[in-house]
Amino acid sequence: MSERLQPGDVAPAFTLPDADGNEVSLADHKGRKVIVYFYPAALTPGCTKQACDFTDNLDVLAGAGYDVIGISPDKPEKLAKFREKENLKVTLLGDTEKTVLQAYGAFGEKMNYGKTYVGVIRSTIIVDEEGKVDQALYNVRATGHVAKIIKDLGV
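Residues numbered from 1 in each chain as written. Predicted model: local features only at pLDDT ≥ 70, side-chain atom pairs only at ≥ 80, totals over all residues. Heavy atoms only, no water.

Q: Which parts of the structure should I look at to understand the overall build of the protein?
A: Looking only at helices and strands, the protein has five helices and nine strands in total. Going from the N terminus to the C terminus, the protein shows its helices and strands as β-β-β-α-α-β-α-β-α-β-β-β-β-α. Taking 15 Å as the expected radius of gyration for a compact globule of 155 residues, we find that the protein reaches 14 Å, a close match to that expectation. The principal-axis extent of the C-alpha atoms belonging to the protein is close to 40 × 35 × 30 Å. Across the 155 residues that make up the protein, the buried fraction comes to 50%. Taking as baseline every contact in the protein between residues at least 6 positions apart, the subset at least 24 positions apart corresponds to 64%. Taking the average location of the 19 positive side-chain charges in the protein and that of its 22 negative ones, the two points are 7 Å from each other. (Helix = DSSP H or I, 4+ residues; strand = E, 2+ residues; numbered from the N terminus. Rg over C-alpha atoms; globule rule 2.2 N^0.38 Å. Buried < 20%, exposed > 50% of the residue type's maximum accessible area, 1.4 Å probe, protein only. Contact = heavy atoms within 4.5 Å. Lys, Arg positive; Asp, Glu negative; His and termini not counted. Charge placed at Lys NZ, Arg CZ, Asp CG, Glu CD.)

Q: Sorry, what's going on with the nonpolar core here?
A: Nonpolar side chains in soluble globular proteins tend to be buried together. Ranked by internal contacts, the top residues of the largest apolar core, which has 24 residues, are Ile-35, Tyr-37, Tyr-39, Phe-54, Val-68 and Leu-92. Those elements that provide at least two residues to this core are strand S3 (33–38), helix H1 (45–56), helix H2 (58–63), strand S4 (66–72), helix H3 (76–86) and helix H5 (145–153). Beyond its immediate stretch of four places on either side in the chain, Leu-92 contacts Pro-17, Asp-18, Ala-19, Tyr-37, Tyr-39, Gly-70, Leu-79, Phe-82 and Arg-83. (Core = buried A, V, L, I, M, F, W, Y, C linked by side-chain atoms within 4.5 Å.)

Q: Please explain the sheet that holds strand S9 (residues 133–138) as it appears in this structure.
A: Hydrogen bonds between backbone groups are what pair the strands of a sheet, and the pairing can be parallel or antiparallel. An order of S5-S4-S3-S8-S9 is seen for the five strands of this open sheet, with the pairing classed as mixed. Bordering the open sheet on either side are strand S5 (91–94) and S9, each of which pairs with just one other strand. For this sheet, the mean angle separating the axes of adjacent strands, direction not counted, is 20°. Here four bridges tie S4 to S5, and the two strands are oriented parallel to one another. Counterpart to Ile-71 in the pairing with S5 is Leu-93. Most of the contacts of H1 go to S3, to which it runs at about 165°, and overall it touches S3, S4 and strand S8 (123–127). Strands in contact with H5 are S3, S4, S8 and S9; relative to S8, the strand with the most contacts, it is inclined by about 30°. (Pairing = 2+ DSSP bridges. Axes fitted to C-alpha atoms, helices over the stretch in contact; angles between N-to-C directions.)

Q: I'm lost on the side chain of Ser-123 in this one. Help?
A: Take Ser-123: it is sitting in strand S8. With a relative accessible area of 0%, Ser-123 lands in the buried category. A distance of 2.6 Å separates a polar side-chain atom of Ser-123 from the backbone oxygen of Ile-121. If near-sequence neighbours (up to four positions away) are discounted, Ser-123 is found in contact with Val-36, Tyr-37, Phe-38, Ala-106, Leu-137, Tyr-138, Asn-139 and Val-140. (Polar contact = N/O pair within 3.5 Å; in protein donor to acceptor, adjacent residues only side chain to side chain.)

Q: So what exactly am I meant to see when it comes to the pairing of S3 here?
A: In summary, the side chains of a regular strand alternate between the two faces of the sheet. Of all the six residues making up S3, five are buried; the element is thus mostly covered by neighbouring parts of the structure. In terms of strand pairing, S3 meets S4 through six bridges, oriented parallel. The partner of Val-34 across the bridge, within S4, is Asp-67. Of the pairings in the sheet, the one linking S3 to S8 comprises five bridges and is antiparallel in character. If you follow Val-34 over to S8, its bridge partner there is Val-127.

Encoded structure:
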């Protein structure tokens, strides 16, 4: 089980491939606030809803100084398909080794329909301009989550 991050922690550095196979690092966003969200799988109903919500609100978030990065264990090819099919504007990164998911506490035991299994824990980590964790939200819902973030951030 990976440790969950707490506000004030330094956000673990990462470099992962995006949907086009380009390397994207958290360090690329230094000086900006970043919403890093972790989701189980591209092209699934809940993850599609969440990615579309982030895309629909990207201008509002960007206007308030936030970049948005979605991370899943998918390969770049699947992320590209997801982006094209849903016309997504958020940066999607693939963590096929699950190292970043684990570093952020977004991979571990979870319950679904009464069964316990290991998988991606739908999570959102908000990182400040200095690279520190501002908020760490775990077991979030796919629906309504983006609206709640916007409200909580006062955007």
